[in-house]
Amino acid sequence: MQGLYPYGHGISAVDVLYERERLNAVHLLVERGRAAIIDSGTAHGVPRVLAALESLRVAPSDVDYVVLTHVHLDHAGGAGQLMARCPNAVLTVHPRGARHMIDPRRLLAATVRIYGEETTRRVYGEVLPVAAGRVLETPEGARISLAGRALQFFDAPGHARHQVVLRDALTGHFFAGDTFGLSYRELDRDGRQFSFPTTSPSQFDPPALKRSIRRMLALEPQAIYVTHFGQVRDPLRLGADLCRLIDAHVAIAERCRGAGAQRNALLRKGIAELLREESRRQEWPLSDDELMRVFAIDVDLNAQGLEAWLDSGAGG
Ligand SMILES: [Zn+2]
């Protein structure tokens, strides 16, 4: 199947074609015919996830888990539809996210505040609730077993307070959602990968995000899977860059503190400049125009997230 990326050990990513190619990955973990779907993508991506499972010879009834790293709608919007199609699946979610999956109305309202009504509908599709009896909360230290293969959850605040990362005991690899940044494949140069932080609203917490990154690195994973997009290797190098770039975001926000009506525009300008600097430093194989196209959504979201962080009274 096109857009299905196998990484070995039963792990693969399916491109759910959100906004563009290779922006949003749904990861699949298959062990002895049983499957876990890690993040759901949006409701629009659900047919692609089911097609990917079929190509891996996994029936919807063989899906044991739909695992959410956090409840931002590009990761969790399709969960209700997937749960409706996979009758034996349990939905796992951070304790802070569970009620939003059982009753998604508040989550949708928060998204409408950021994107507006029409865009929210177009982008995320129909977000279905999940029956409370099928939801398993995964706080720090929670474990599940996929056909005997252990997965352990770590509380991972910093991008969002409802974020977990999970470690696959067999490989030592982590599924990080948005905690390990945005690693678009367009940035790859001679097989070298890069990652850039996502500070999207409204719970960006720079010290917590760096702690969450370092906690994963301390366990020396050989690979980390990020939603945007897929498997990254060499986590130590990428993690060091991520921590440096988180600090750079904080510095941009501090410079824009008190900028009044200009603040959002100045933040976007600062983030775009940081991207161009990093592109030169790392020699990303992209023109400035291509770079801004690849990160168009993220420049806006990171700026909004820094505004929310400034308004929360943090830093300073
Ligand atoms: Zn997110």
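As shown above, the structure is provided for reference.
Worth saying up front: this structure is predicted, and the values here are computed from it rather than measured.

Basis of the calculations
- Residues numbered from 1 in each chain as written.
- Predicted model: local features only at pLDDT ≥ 70, side-chain atom pairs only at ≥ 80, totals over all residues.
- Heavy atoms only, no water.
- Axes fitted to C-alpha atoms, helices over the stretch in contact; angles between N-to-C directions.
- Helix = DSSP H or I, 4+ residues; strand = E, 2+ residues; numbered from the N terminus.
- Parallel < 35°, antiparallel > 145°, perpendicular 65-115°, else oblique.
- Left-handed = near helix turned anticlockwise from the far one by under 90°.
- Contact = heavy atoms within 4.5 Å.
- Nonpolar A, V, L, I, M, F, W, Y, C, P; charged D, E, K, R; others polar.
- Donors = N, O, S within 2.8 Å, 3.2 Å for Na, K, Ca; no water.
- Tetrahedral: all angles 85-135°; square planar, octahedral: opposite > 155°, others 65-115°.
- Buried < 20%, exposed > 50% of the residue type's maximum accessible area, 1.4 Å probe, protein only.
- 1 Å grid on protein atoms, 1.4 Å probe; cavity = no way out; pocket = protein on both sides within 12 Å on 5 of 7 lines; lining within 4 Å.
- Points joined across faces, edges and corners; volume = space filled by probe spheres on them.
- Expected span 1.5 Å × (residues − 1).
- Pairing = 2+ DSSP bridges.

(A) Here's a closer look at the packing of helix H5 (residues 105–115) against helix H6 (residues 117–124). The N-to-C vectors of H5 and H6 enclose an angle of 115°; their axes lie 7 Å apart at closest approach. Relative to H6, the element H5 is oriented roughly perpendicular. Judged by the twist between their axes, the crossing of H5 over H6 is right-handed. On H6, the residues that touch Leu108, Thr111, Val112 and Tyr115 of H5 are Glu117, Thr119, Thr120 and Tyr124. Classifying every residue of the contact of H5 with H6 gives four nonpolar, three polar and one charged.

(B) Up close: the coordination of the zinc ion. Distances from the zinc ion to its protein donors, namely His70 (NE2), His72 (ND1), His159 (NE2) and Asp178 (OD), fall within the range 2.2 to 2.3 Å. For the zinc ion, the four donor atoms in the first shell make angles of 86 to 172° at the metal, so the coordination geometry reads as irregular. Spacing between the donor residues of the zinc ion along the chain follows H-x1-H-x86-H-x18-D. Here His72, found in the loop between strand E5 (63–67) and helix H2 (73–76), pairs with Asp178, found in the loop between strand E11 (174–177) and helix H7 (206–218); they are 106 residues apart in sequence, far enough to count as distant. Residue class for His72 comes out buried when judged on its relative accessible area of 17%. A relative accessible area of 5% places Asp178 in the buried class.

(C) Local environment of the environment of Ala35. Along the polypeptide, Ala35 turns up in strand E4 (residues 34–38). Taking the C-alpha atoms as reference points, Ala35 and Asp64, separated by 29 residues in sequence, lie 5.9 Å from one another. When neighbours within four sequence positions are excluded, Ala35 is seen to be in contact with Leu29, Val30, Leu53, Val58, Asp62, Val63, Asp64, Tyr65 and Leu146.

(D) Quick peek at the layout of surface pockets. Space inside the largest pocket adds up to approximately 870 Å³. Lining the largest pocket we find 40 residues, and of these His72, Thr111, Ile114, Pro201 and Ser202 sit closest to its centre. With eight residues, the single largest contributor to the lining of the largest pocket is H5. In terms of residue class, the lining of the largest pocket is made up of 18 nonpolar, twelve polar and ten charged.

(E) Up close: helix H11 (residues 296–311). With 16 residues, H11 extends 23 Å between its outermost C-alpha atoms, agreeing within 8% with the 22 Å of an ideal straight helix rising 1.5 Å per residue. Of the surrounding secondary structure, the elements contacted by the buried residues of H11 are H5, H7, helix H8 (235–256), helix H9 (263–282) and helix H10 (288–294). Directly beyond the C-terminal end of H11, a positive phi value near 85° is found at Gly313.

(F) Examining the sheet that holds E5 more closely. Across the sheet, which stays open at both edges, the seven strands sit in the order E1-E2-E3-E4-E5-E6-E7 with mixed pairing between neighbours. In this open sheet, the two edge strands, each paired with only one partner strand, are strand E1 (4–8) and strand E7 (135–137). Neighbouring strand axes in the sheet, compared pairwise and without regard to direction, differ in orientation by 25° on average. Sheet topology note: the strand E2 (residues 11–15)/strand E3 (residues 25–31) ladder contains five bridges and is antiparallel. Across the sheet, the residue bridging to Val14 is Val26, located in E3.

(G) Quick peek at the pairing of strand E10 (residues 164–168). With four of five residues buried, E10 lies mostly within the body of the structure. In this structure, strand E9 (residues 149–155) lies alongside E10, joined through five bridges in antiparallel fashion. Bridging across to E10, Phe153 finds its partner in Leu166. Of the pairings in the sheet, the one linking E10 to E11 comprises two bridges and is antiparallel in character.

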